[in-house]
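# Fold and geometry: a report
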Amino acid sequence: MNKQSLFHQGELAIQQRADESDIAQRNSVVVKNHIIKGALPFIAQQVLTVISSTDENNQIWTSVLLGQHGFIRALDDQHIVINPQQMISQPADPLWRNIEKNSQVGLVIIELSTRRRLRVNGNISQLDDGQYEVTIAQAYPNCPKYIQRRQPALSNEVLTYKAPEPEFGKALTSTQVELISNSDSFFVGSGVDNHHNDASYRGGEPGFVNVINKHELLIPDYQGNSMFNTLGNFQSNPNAGLVFIDFTDNKLVQLTGTAKILWDQPDDSNNTGGTKRYWRFTIKAWQETQLPTGLNWTFFDYSPHNPKAENVAVLHLQVKDIVQQSEKIKVFRLAGKDGAILPAFEAGAHIPIDVTLSAKHTVQRHYSIISSSHDNRFYDIAVQQEKLGRGGSNHLHEQVEIGEQLTAKPPVNDFSLASSGKHHVLIAGGIGITPILAMVRALSENNESFELHYSVKTSADLAFKDEITQLAGKQAHFYITQDVNGSRLNLPSLLTMENKANHVYVCGPLSLIEAIKDTAHNNGWQPSHIHYESFGSAVHKNDKAIEVKLKKSGKVIVINPKETILAGLLAAKIDVPYECKRGECGMCATEYTQGTADHRDIYLAKEEQAQRLCVCVSRATTSAITLNL
Ligand code: FES
């Protein structure tokens, strides 16, 4: 695809204004003029697709399509087919009349439960058999940040639903104001002439959309993929369409109007997550549609990336106690300074702690909280010393003493228990026991059904055994893989087809997580039932130094055996987006053109790994690798 024509003037202007043009160019490698092979089956697995279209007055509307699995599917890598017979009928939706006049559409095909989504732009036409075909102009997977996980389920009756006439208006009703003020997500459609419409998800903590009055909304614009498709469209054409879903009463509120971008706004409460960017949406008209009761939405959790006011706060902690738990693990009790009560957290949460490696070098390390969430006078963290690691655990083990002051960010939880789970299967590998221990504690305190499988290499690695036995009793199973009489986890027997209503939580090395994901997938488990957090250092004991060559700038950076490619790039002042640093979010995925990658992420599909690698964890099996930077 010709990079020159990939972005239109509006997108280029916004990328430049935000000083993110380089990152946008780099990230644009994901944009194709076809759907990548790995994403084709994903489409037919979805029940939700959002589509934007333009009416005869050039107003944009955003519509929500819900249907049985297969209602939307890929014919090939250039064509998607939508079958209205398999959908909840919404005959009065503006989409149907809009596409008679203007075939430009933008789609976001989204699986909220796994935060996966595919954005597609193209032209739609009706086929002789009544189905609709979208011919692809652009397609790309999209950033999973800020998506709240929930799962729609449709009973068979919804297909015979006769929708009542929608309601229409210009000023929001008080019920709509309440819905929008409390919402945690919506979809936005935008577009420009001669380019294509876009549809996109926007999410945040409940209340992230500010209803200024019955005609205007104020919406923060968080850090994204830097391509600015939506804001770029606003720049060229302010017309936009929003749709809010009432997940409780099954209503759709579609708004059409105009958007204006606001730069450099005061943001003392961190409402924008640091960008200081908002957009103001002025409503011209709305349409409200009742959906059938046979549609149910199960909420799982909020995105851990949602900006929160507290995220900018700094916690001042004091080390109150240190206990040697096992040969390599120390437990540190961190209390609020002067007895201050600490922010609440839930099982699975971790705190980012500032660790000073040298006079000039402070890094942040993340440690799971293992103490009870019912007592927030302190956090207990367990730290395993990695002698060959990057220094954080060595510092805590060797330098930090009782009474020492530490600073940290408030707890973050991207590994929480599913509230809908009836039976929870907890699996820990090695030091991955730490968030799992907090889960054991929470489930046991709440008398919920669970079982624990905890695997270590040697009996010296088996930490917290007494405490676990006390909490979990016979529900705890221990595996010591390198003992003469040791046993191993039997994943196929844990993840049988019959057990697939269970929820599984795994924390441990990437190989364990991959094995569980593969076994669960082969046995028909839903991805939303598999929860994981990787653990351990991104660098391995036998890693060698590698040369990273940057194709565009010609620079060569040597990555030493103890450092990640991402760390080396950042140290060389090469701007690379990143988030999790654990190979889970895909933000740092970078195209490589030469060399053989040693993939250690759990985000990229196999096909994608042939082109890109997650530089926060992956390395090279060759002595050099060339990145398209
Ligand atoms: S930063 Fe998340 S995968 Fe690299």
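All values reported here derive from a predicted model rather than from experimental measurement. (Residues numbered from 1 in each chain as written. Predicted model: local features only at pLDDT ≥ 70, side-chain atom pairs only at ≥ 80, totals over all residues.)

With that out of the way, let us pick up the overall build of the chain. The number of helices and strands found in the chain is 14 helices and 35 strands. In summary, the chain has a C-alpha radius of gyration of 25 Å against a globular reference of 25 Å for 629 residues, a match within 12%. Along the first, second and third principal axes, the C-alpha set of the chain runs to 70 × 60 × 50 Å. For the chain, the proportion of its 629 residues judged to be buried stands at 45%. (Helix = DSSP H or I, 4+ residues; strand = E, 2+ residues; numbered from the N terminus. Rg over C-alpha atoms; globule rule 2.2 N^0.38 Å. Buried ≥ 20, exposed ≤ 12 C-beta atoms within 10 Å, placed from the backbone.)

As a further point, take the nonpolar core. In globular proteins that are soluble, nonpolar side chains generally tend to be buried together. Of all hydrophobic cores here, the largest spans 74 residues; its most connected members are Val-50, Leu-107 and Val-243. Here Val-243 is in contact with Val-50, Thr-62, Ser-63, Val-64, Phe-186, Phe-187, Leu-252, Val-253 and Gln-254, once residues within four sequence places are set aside. Core analysis: the next-biggest nonpolar cluster, separate from the first, contains 56 residues, Leu-334, Tyr-367, Leu-426 and Ala-520 among them. (Core = buried A, V, L, I, M, F, W, Y, C linked by C-beta atoms within 7 Å. Contact = placed C-beta atoms within 7 Å.)

Let's shift gears to helix H2 (residues 9-17). Three or more residues of H2 are buried, namely Gly-10, Glu-11, Ile-14 and Gln-15. Within H2, the buried residues cover an arc of 130° as seen down the axis, which keeps them to one side. Turned more than 90 degrees off the buried face of H2, the exposed positions are Gln-9 and Gln-16. Turning to H2, the residues buried within the fold contact helix H3 (21-27) and helix H7 (229-236). (Arc of directions from axis to C-beta.)

The subject of this paragraph is the domain arrangement of the chain. Taken domain by domain, the chain holds domain 1 (30-301), domain 2 (315-408), domain 3 (424-534) and domain 4 (546-627). Centre-to-centre separation of domain 1 and domain 4, based on C-alpha positions: 33 Å. With six residues of domain 1 at the contact, the number on the domain 4 side is seven residues. In terms of residue class, the side of domain 1 that touches domain 4 is built from two nonpolar, two polar and two charged. (Domains from an automatic or database assignment. Nonpolar A, V, L, I, M, F, W, Y, C, P; charged D, E, K, R; others polar.)

Moving on, we get to the environment of Met-439. Among the secondary structure elements, Met-439 is positioned in helix H9 (residues 433-445). When the C-alpha positions of Met-439 and Ala-349 are compared, they lie 9.7 Å apart, and in sequence the two are 90 residues distant. With sequence-adjacent residues up to four places away left out, Met-439 is seen in contact with Ala-347, Gly-348, Leu-417, Leu-426 and Tyr-505.

So, about the sheet that holds strand S33 (residues 612-614). Pairing in this open sheet of five strands is mixed, and the strands run S30-S29-S35-S31-S33 from one edge to the other. Two strands in the sheet have a free side with no partner beyond their single neighbour: strand S30 (556-559) and S33. Taking each pair of neighbouring strands and ignoring which way they run, the sheet shows an average axis angle of 40°. (Pairing = 2+ DSSP bridges. Axes fitted to C-alpha atoms, helices over the stretch in contact; angles between N-to-C directions.)

Strand order in the open sheet formed by seven strands is S2-S1-S5-S6-S7-S4-S3, with antiparallel pairing between adjacent strands. What marks the edges here is a single partner per strand, and that holds for strand S2 (60-66) and strand S3 (72-76). Shown here is a sheet whose adjacent strand axes are inclined to one another by a mean of 30°, direction ignored. Relative to strand S7 (residues 132-141), strand S4 (residues 79-82) is paired through four bridges, and the arrangement is antiparallel. Bridged to Val-81 within S7 is Glu-133. Relative to the sheet, helix H5 (residues 94-101) contacts strand S1 (48-54), S2, strand S5 (104-111) and strand S6 (116-126), its axis offset from that of S1 by approximately 50°.

Time to look at the environment of Phe-464. Turning to its location among the elements, Phe-464 is positioned in the loop between strand S25 (449-456) and helix H10 (465-472). Distance in space between the C-alpha atoms of Phe-464 and Lys-606 is 37 Å, their sequence separation being 142 residues. For Phe-464, the residues in contact, after removing those within four places along its chain, are Gln-325, Ile-433 and Leu-437.

Take the pairing of strand S29 (residues 546-550) next. Sheet topology note: the S29/S30 ladder contains four bridges and is antiparallel. Considered in S30, the bridge of Ile-546 is made with Ile-559. Counting the residues between successive antiparallel strands, the hairpin from S29 to S30 contains five residues, one of them, Gly-554, with a positive phi of roughly 80°. Examined bridge by bridge, S29 and strand S35 (residues 624-627) share four bridges and lie parallel to one another. Each residue of the ladder has a partner; that of Glu-547, found in S35, is Ala-624.

What follows concerns unusual backbone geometry. Phi at Phe-228 is positive, roughly 55°, even though this residue is not glycine. Following the sequence through the fold, Phe-228 ends up in the loop between strand S13 (216-220) and H7. Overall, the presence of 27 C-beta atoms within 10 Å leaves Phe-228 in the buried class. Positive phi, normally seen in glycine, also occurs at Asn-250, with a value near 50°. Secondary-structure assignment places Asn-250 in the loop between strand S14 (239-246) and strand S15 (251-262).

Among the six residues that make up strand S27 (residues 503-508), six are buried, leaving the element largely enclosed by the rest of the structure. Here S27 shows two buried faces, one formed by His-503, Tyr-505 and Cys-507 and the other by Val-504, Val-506 and Gly-508. Here strand S24 (residues 423-429) runs beside S27; their pairing, made up of five bridges, is parallel. Note on S27: the bridge partner recorded for His-424 is His-503. The pairing of S27 with strand S28 (residues 530-534) spans five bridges and is parallel.

Here we take up the packing of H2 against H7. At a minimum axis separation of 7 Å, H2 and H7 run at an interaxial angle of 115°. When the interaxial angle is binned, H2 and H7 end up roughly perpendicular. Of the two elements, H2 crosses H7, and the hand of that crossing is right-handed. Residues Gln-9, Gly-10, Glu-11, Ala-13 and Ile-14 of H2 form the contact with H7, whose own contacting residues are Asn-229, Leu-231, Gly-232, Asn-233, Gln-235 and Ser-236. Here the residues of the contact of H2 with H7 are counted per class, giving three nonpolar, seven polar and one charged. (Parallel < 35°, antiparallel > 145°, perpendicular 65-115°, else oblique. Left-handed = near helix turned anticlockwise from the far one by under 90°.)

It is worth spelling out the packing of H9 against H10 at this point. The N-to-C vectors of H9 and H10 enclose an angle of 25°; their axes lie 9 Å apart at closest approach. Taken together, H9 and H10 sit at an angle that is classed as roughly parallel. Like other packed secondary-structure pairs, H9 and H10 cross with a definite hand, here left-handed. Contacts between H9 and H10 pair Leu-437, Val-440, Arg-441 and Ser-444 from the former with Ile-468, Leu-471 and Ala-472 from the latter.

Further remarks concern the environment of Gly-274. Along the chain, Gly-274 turns up in the loop between S15 and strand S16 (278-290). Along the primary structure Gly-274 and Val-29 are separated by 245 residues, whereas in three dimensions their C-alpha atoms are 26 Å apart.

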